[in-house]
Amino acid sequence: MATKKITVTIPEDLLEEIRVDAAERGLSAYVAEALRAKRDRDRLRELVGWLEEEYGPVADDERAAAMAELEDLDAEHARRRTGDMRSGGEAA
């Protein structure tokens, strides 16, 4: 894949935090992954907008259920990152 070097400016405290997480795979790979994730979220928001225009807004109970599922996923990801599998499941 072709790459291009650019210059960006970010707050020092954020840089120090992400350097720890990015150490193994490198800062450039970490930033590229973060930008892809942001782009994907933006596309999903656009899709939600289109769907809400077509079918109406998401009901409060549906939104709450989706948020609960996301919280469960976040908790599972946190467990996997720390290697704590005592609360269920095996690492992939």
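With an unreviewed UniProt entry as reference, the protein chain is termed Metal-responsive CopG/Arc/MetJ family transcriptional regulator, source organism Nonomuraea rubra.

(A) Focus on the domain arrangement of the protein chain. The domain boundaries assigned to the protein chain delineate domain 1 (1-57) and domain 2 (59-91). Relative to domain 2, the C-alpha centre of domain 1 lies at a distance of 21 Å.

(B) Region of interest: the layout of surface pockets. A volume near 650 Å³ is recorded for the largest pocket. Mapped by element, the contributors of at least two residues to the lining of the largest pocket are helix 1 (12-22) and helix 2 (27-55). Per-element accounting of the lining of the largest pocket gives the leading share, eight residues, to helix 2. For the lining of the largest pocket, the per-class residue count stands at 14 nonpolar, two polar and three charged. Approximately 420 Å³ is the volume attributed to the second largest pocket. If you trace the second largest pocket, you find it lined by Arg41, Leu44, Arg45, Val48, Glu52, Val58, Glu62, Arg63, Ala66, Met67 and Leu70.

Conventions used here
- Residues numbered from 1 in each chain as written.
- Predicted model: local features only at pLDDT ≥ 70, side-chain atom pairs only at ≥ 80, totals over all residues.
- Heavy atoms only, no water.
- Domains from an automatic or database assignment.
- 1 Å grid on protein atoms, 1.4 Å probe; cavity = no way out; pocket = protein on both sides within 12 Å on 5 of 7 lines; lining within 4 Å.
- Points joined across faces, edges and corners; volume = space filled by probe spheres on them.
- Helix = DSSP H or I, 4+ residues; strand = E, 2+ residues; numbered from the N terminus.
- Nonpolar A, V, L, I, M, F, W, Y, C, P; charged D, E, K, R; others polar.

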